[in-house]
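A structural walkthrough
One-letter residues, chain by chain:
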Amino acid sequence: MGLVRAFTQQATRLPNTSTPTNPSVGTSPSIIGVDRSTLKNRCTFTVYNSGTLPVILGHGNTVSLATQVARLEPTDFYYEEPSACFQGAIAAMAIGGSTSVNCEDLIII
């Protein structure tokens, strides 16, 4: 047998940080992702519906059934594509009551 050496190549990575949150959302729109349009430093934004009711998401300070970007059923996952990530506020609203979601806002620092 010969000698085998593992070679690990270092990938260049941008420094980043994420801020996980677990907000409760109700039947009125609430902001779950802060507005980053001035800094333009959001890499991606993820939402997991950890509750028992459907949740709708919207770009901006409000959301409605007519303006939703996505509807998440319980256990659904949504993320903003890094190449075209929305930089403004992200709003959420539960359909039919109160529920919770898990969010993560990944930003360049």
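Residues numbered from 1 in each chain as written. Predicted model: local features only at pLDDT ≥ 70, side-chain atom pairs only at ≥ 80, totals over all residues. Heavy atoms only, no water.

1. Digging into the sheet that holds strand β6 (residues 70-72)
Across a sheet, strands are paired by hydrogen bonds formed along the backbone, either parallel or antiparallel in direction. Definition in use: When DSSP finds at least two bridges between two strands, those strands are taken to pair. In DSSP terms, a helix is any run of H or I states spanning at least four residues, a strand is any run of E spanning at least two, and both are numbered starting from the N terminus. Here, axes are lines fitted to C-alpha atoms. For helices the fit covers the stretch in contact, and angles between N-to-C directions go from 0 to 180 degrees.
Spatially, 4 strands are ordered β3-β8-β5-β6 in an open sheet, and the strand pairing comes out antiparallel. On the outer flanks of this sheet lie β3 (30-33) and β6, each paired with one strand and no other. Recorded for the sheet is a direction-independent mean angle of 35 degrees between the axes of neighbouring strands. Sheet topology note: the strand β5 (residues 55-59)/β6 ladder contains 3 bridges and is antiparallel. What sits directly across from Leu57, in β6, is Ala70.

2. Focus: the pattern of salt bridges
We count it as follows: Only one rule defines a salt bridge in this text: a Lys or Arg side-chain nitrogen within 4 Å of an Asp or Glu carboxyl oxygen. Burial classification: accessible surface area is computed with a 1.4 Å probe over protein chains only, and a residue below 20% of its type maximum counts as buried, one above 50% as exposed, and the rest as partly exposed.
Per the counting criterion, the structure on display carries 3 salt bridges. With a closest N to O distance of 2.8 Å, Asp105 and Arg42 form a salt bridge. Residue Asp105 is found in strand β10 (residues 102-108), and its partner Arg42 is found in strand β4 (residues 42-48); the two are separated by 63 residues along the sequence. With respect to class, Asp105 is no different from Arg42; both count as buried. Several salt bridges share partner residues, and in doing so they unite Arg36, Arg42 and Asp105 into one network.

3. So, the pairing of β4
Burial analysis of β4 places 6 of its 7 residues in the buried class, which makes it a mostly covered element. Relative to β10, β4 runs antiparallel, the two being bridged by 6 bridges. Within β10, the residue paired with Phe45 across the bridge is Asp105. Where β4 meets strand β7 (residues 77-79), 3 bridges bridge the pair, whose relative direction is antiparallel. Looking at β7, one finds that Tyr48 is bridged to Phe77.

4. Here's the deal with a nonpolar patch on the surface
As a reminder, the rule being used: Within the patch definition used here, like charges are joined within 9 Å and nonpolar side chains (Val, Leu, Ile, Met, Phe, Trp, Tyr) within 5 Å, considering only residues with over 30% relative accessible area and no salt bridge. For the area figures, the Shrake-Rupley method with a 1.4 Å probe applies, and any residue is considered shielded solely by the protein chains shown.
On the surface, Tyr48, Phe77 and Tyr79 cluster together into a nonpolar patch covering about 320 Å² of accessible area. Along the chain, the position of Tyr79 falls in strand β7.

5. A look at the nonpolar core
One recurring pattern in soluble globular proteins is that nonpolar side chains are buried together. To keep it simple, the criterion reads: Residues grouped as a nonpolar core are buried Ala, Val, Leu, Ile, Met, Phe, Trp, Tyr and Cys residues, joined through side-chain atoms within 4.5 Å. By the convention used here, residues are in contact when the closest approach between their heavy atoms is within 4.5 Å.
Membership of the largest hydrophobic core comes to 14 residues, with the highest contact counts inside it found for Ile32, Val47 and Leu57. Looking at this core, the elements that each hand over two or more residues are β4, β5, β6 and β8 (90-94). The biggest single contributor to this core is β8, with 3 residues. Aside from chain neighbours lying at most four places away, what touches Val47 is Ile32, Leu57, Leu72, Asp76, Phe77, Tyr78, Val101, Asn102 and Cys103.

6. Looking at unusual backbone geometry
Even without a glycine there, the phi angle at Lys40 is positive, about 50 degrees. Note that Lys40 resides in the loop between β3 and β4. Using a relative accessible area of 57% as the deciding quantity, one classes Lys40 as exposed. Located in the positive-phi region is Thr75, a residue other than glycine, with phi close to 75 degrees. With respect to the element layout, Thr75 can be found in the loop between β6 and β7.

Everything listed is a geometric property; what it means functionally is a separate question.
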